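If you want the building blocks of each chain, they are given just below.
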Amino acid sequence: MNMTEETAPVAPQRFGTRVRSIHGDHFDDPWDWLRQRDNPDVIAHVNAENQWAEQVCKPAQELAKNLVSEFDSFTAPVVYSAPQRVGDWWYFQRQYHEDSYAKHYRVSASHYPNTPVLADSETLEGEQLLLDENLCAQGEEFFKVGELVPTSDGRLIAWSQDTEGDERWTWIIQDASSGDIIDQRVSDAGYGFAWAADSQSFIYTRVDDAWRQFQLMHHRVGADANGDSLLLEEPDEAFDLWFSASNDPWHVVVHSTSTTSGGAWLWDPYAPSASLLPIVAKRDDVQINVEPAGDHLLVIHTALSREGSLACIPLPQEGAADSVVDSERWVTLYTARDGERLSDLEAYRDFFTLSYRRDALPQARYYRRTRPLKVVNGKPVPASDCSDLWTLGEELNKEGTIRSLYPLSSGRFEDCLVRVGYQSVLTSPTVKELDLRTGKSRILKVTQVPNWDPSDFTEERVWVTARDGHTQIPVTLVHRRDAQPDGTHAGWIHGYGSYEVSFDPEFDILRLPALKRGVVHAIAHIRGGGEMGRSWYEDGKKLVKTHTFTDFLDVANYLVDSGWVHPERLIAEGRSAGGLLMGAVTNAQPDRFAAVIAGVPFVDALTTILDPSLPLTVGEWEEWGNPIEDPEIYALMRSYTPYENVREGVRYPAIMATTSINDTRVFYVEPHKWVQRLRQATAQVPDQPPIVIRTEMVAGHAGASGRRGRWQARAQEFAFALHQVGITK
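Along each chain, numbering runs from 1 in the same order as the chain's sequence is written. A pLDDT threshold of at least 70 governs which residues receive local features in this predicted model, and a stricter bar of 80 or more applies before side-chain atom pairs are shown or counted, although totals over entire chains, interfaces and linings include all residues. The basis for the side-chain values is all heavy atoms of the structure; hydrogens and waters are excluded.

S.K.: Just to check I follow, could you spell out the overall build of the protein for this structure?
M.R.: Numbering goes from the N terminus for both helices and strands, where a helix is a DSSP run of H or I of at least four residues and a strand is a run of E of at least two. A tally of helices and strands in the protein yields 12 helices and 40 strands. Only the C-alpha atoms count toward the radius of gyration. The rule for a globule is 2.2 Å times the residue count to the power 0.38. A globule of 729 residues ought to have a C-alpha radius of gyration of about 27 Å, and the protein, at 26 Å, matches this closely. C-alpha atoms of the protein, sized along the principal axes, occupy 80 × 60 × 55 Å. With a 1.4 Å probe rolled over the protein chains alone, any residue whose accessible area is under 20% of its type maximum counts as buried; one over 50% counts as exposed, and the rest are partly exposed. Counting over 729 residues, the protein shows a buried share of 60%. If you take every contact in the protein between residues at least 6 apart in sequence, the share linking residues at least 24 apart comes to 61%. Where accessible areas are quoted, they stem from the Shrake-Rupley method and a 1.4 Å probe; at the residue level, only the protein chains shown are allowed to cover. Surface accessibility of the protein: about 28800 Å² in total, with carbon and sulfur atoms responsible for 46%. For the purpose of charge, His is not counted, nor are the chain termini; Lys and Arg are scored as positive and Asp and Glu as negative. In plain terms, the charge of a residue is placed at NZ if it is Lys, CZ if Arg, CG if Asp and CD if Glu. Here the protein holds 70 positive side-chain charges and 105 negative ones, and the gap between their average locations is 4 Å. Residue contacts follow a heavy-atom distance rule, with two residues in contact if any of their heavy atoms lie within 4.5 Å.

Here it is in structure tokens:
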């Protein structure tokens, strides 16, 4: 690798490694050889890039150190969770100021019949330490705990860990009282875990070589994992299996879904090795989300409206030849109105919560049960009539124009406690609990933020007209209260715009130093995301994917034209598919941005989507289209995939790309190829700002692990960007 003190690393071009000839188009990729992770030349190049990034960023080192100190100053001595009831115990976690990871605890409900509020005391009477992540992380370059799942009898806990960053989990079974590890035989697992009723076994998912969750497995605690039983396999590469433990103790719903359709099965925790019961068959263009509710099922589906309908489904009759419940027996409770999108359910014995979207914000309401659930011999009696089981309760929406709001799991199936969390860019996460029996509510948790006064700032919703003249793009805008749109401020615009993912306003202490320095913060809720519902998403995918990019540019131009941001002081940031967004908009309008942060960016999209052997590709065809079969999709992707559309001889903004060597979702090779092409195209451009890439050598899609590891990594990115807009202290 060629690297001197004056020049960036240059990876040699090696043609013939990946040659593409399709739909009349030919492309010989000169840098695809960087995909060979076991090649010493590749590792040498990646290390050289890290050294170069460190050298380029030396002028911003002092600012990066200051930012880390400020992150630290905004962090409370203890950050804790709201306790959750499982069986006869309350489970919760604390993270102390000096720790990089959390500690997990429990306390007996005999001491605290009502939800304990951790802010009231430093410790709870009789609390027990279950897991110290800090001890487990010792000696690991990367460490992350996924879930911690107790058994209902309180005897065992299961928790998952990842020490590579590749999101392949090892499940560890531990005696809750003694702390002894009694099983860690299940490895390379996907997401999802549920205990059998007797706590002797559990179900989990396996991933294939393409990192698709395709098998549901049953494991007996203490047994060899090679003998685990296969309960369900999804052969269709467009679908993933997924599930989560239910509040309902008698049923767990297992889904197989793509981005447009899905099917569902029931797993019986009381007969854990038995075959699953099919309950909802796949139908083209019908999405489903099924939630068990004791004596019946609840489902959000798109058979009646693409924005979703809510229905009750009877349980399948025992011994019936066909367990799939005919959709004619589904009882509709609610169908999304104009501007709404139904999204999720959380069911308990006496109520359930419905999450939905309206006005580009998350909303929630709850329903009360009208007739009691009947249980005979420890099993629920299937409801014979679902038509009048539920009545609408009330909205759970917190006052305020700009906020994220989300129902939270409140504990046992029989409890009558509705929990909701809310936050915004300026409001730290808060958890509120409503007791449906008494009608009283109380605050369980407010995340304390020292040295921060949100009253010094304001957040508002503005609507920007897209270039088509009629589409209104919602934007979250945050700035100092005394700031005026006088054309002098630095600005920071974020976006994502894919997979119907909503980029809602959330609190992050890492954003506070820039706000305190007068930076105007904007989130562009662009098409392709889910902020305005399914139609908003569908207007930013496949053949209309470019709406995502033009929306982002229209918002960026608004920030400058309205006077909120100086034309030469705008930073843009996006991660993953948002990184593709960064590449596309800098190719389209490179003079709009002073600096770009592209985290784990999907910038070689066409190459990836053309290769079915790569992780996730087949399922991605429903998002981007299939360029192998469709020449129109190919031509469109060829026109916007960032790596292949870098403009020659044009001045680009300063760019920092970040990636991780073990990232399964977006391979490290994509941003490395992109950076090489950017440098090649701008080599003769006078005063071209720096283009650098930083690679975590043991991490995954989420980057460095641990609180302080994340602080340091993000501080380097932020300092690099802020320096480009004249903020050096």
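S.K.: How should I be thinking about the sheet that holds strand 9 (residues 156-162) in this particular structure?
M.R.: For two strands to be treated as a pair, DSSP must find at least two bridges joining them. Strand order in this open sheet of 7 strands is 8-9-10-11-12-13-14, and the pairing throughout is antiparallel. Looking at the sheet topology across the chains shown, the edges are occupied by strand 8 (144-150) and strand 14 (229-233). Each strand axis lies, on average, 35 degrees off the axis of its neighbour in the sheet, ignoring direction. Judged from the 4 bridges that link them, strand 13 (residues 213-220) and strand 14 form a sheet pairing that is antiparallel. For His218, the partnering residue across the bridge sits in strand 14 and is Ser229. Where helices are involved, their axes are fitted lines through C-alpha atoms of the stretch in contact, as for all axes, and angles between N-to-C directions lie from 0 to 180°.

S.K.: Which parts of the structure should I look at to understand the sheet that holds strand 28 (residues 390-395)?
M.R.: Two orientations exist for strands paired in a sheet by backbone hydrogen bonds: parallel and antiparallel. Strands sit in the order 23-24-25-28 across an open sheet of 4 strands; the sheet is antiparallel. For this open sheet the edge positions go to strand 23 (340-347) and strand 28, each flanked by a neighbour on one side alone. Strand-to-strand twist in this sheet, taken as the mean axis angle between neighbours without regard to direction, amounts to 30 degrees. The pairing of strand 23 with strand 24 (residues 351-358) spans 7 bridges and is classified as antiparallel. The partner of Leu345 across the bridge, within strand 24, is Leu354.

S.K.: Whenever I open this one, the packing of helix 2 (residues 61-73) against helix 12 (residues 707-724) confuses me. Can you help?
M.R.: Packed helix pairs are specified by the crossing angle of their axes together with the interaxial distance, meaning the distance between the axes. Running from amino to carboxyl end, helix 2 crosses helix 12 at an angle of 130 degrees, the nearest separation of the two axes being 8 Å. It follows from the interaxial angle that helix 2 and helix 12 lie oblique. Considering the relative orientation of helix 2 and helix 12, their crossing is right-handed. Listed contacts from helix 12 to Leu63, Ala64, Leu67, Val68, Phe71 and Asp72 of helix 2 are Arg708, Trp711, Gln712, Ala715, Gln716, Phe718, Ala719, Leu722 and His723. Note that Gly is not counted as nonpolar here; it falls among the polar residues with everything else outside the nonpolar set of Ala, Val, Leu, Ile, Met, Phe, Trp, Tyr, Cys and Pro and the charged set of Asp, Glu, Lys and Arg. Across the contact of helix 2 with helix 12, the residue classes break down as 10 nonpolar, 3 polar and 2 charged. Any angle that is under 35 degrees is reported as roughly parallel, and any over 145 degrees as roughly antiparallel; angles of 65 to 115 degrees are reported as roughly perpendicular and all others as oblique. The sense of a crossing depends on the near helix, which, turned anticlockwise from the far helix by less than a right angle, makes the crossing left-handed and, turned clockwise, makes it right-handed.

S.K.: Looking at this model, I keep getting lost on the pairing of strand 24. Mind explaining?
M.R.: Two faces belong to every sheet, and in a regular strand the side chains alternate between them. Among the 8 residues of strand 24, 7 are classified as buried, and the element is accordingly described as predominantly covered. Count of turn residues in the strand 23/strand 24 antiparallel hairpin: 3 residues. Across 8 bridges, the pairing between strand 24 and strand 25 (residues 361-369) is antiparallel. Across the sheet, residue Leu354 finds its bridge partner in strand 25, namely Arg365.

S.K.: How should I be thinking about helix 10 (residues 631-640) in this particular structure?
M.R.: An α-helical turn contains 3.6 residues, so a residue and the one three or four places further along point in the same direction. Listing the buried residues of helix 10 in full gives Ile633, Tyr634, Leu636, Met637 and Tyr640. Take helix 10 and look down its axis: the buried residues cluster within an arc of 165 degrees, on one side only. On the buried face of helix 10, the contacting elements are strand 1 (18-22), strand 2 (25-29), helix 6 (546-561), helix 7 (577-588), helix 8 (605-609) and helix 9 (617-624). Directions from the helix axis toward the C-beta atoms define the arc.

S.K.: Would you take a moment to explain the nonpolar core for this structure?
M.R.: The tendency in soluble globular proteins is for nonpolar side chains to be buried side by side. By convention a nonpolar core is built from buried Ala, Val, Leu, Ile, Met, Phe, Trp, Tyr and Cys residues, the set being connected through side-chain atoms within 4.5 Å. Counting 54 residues, the largest nonpolar core has Ile493, Phe552, Phe593, Met637 and Trp674 as its most contacted members. Counting 42 residues, the second-largest nonpolar core is a separate cluster that includes Trp52, Val425, Ala514 and Ile571.

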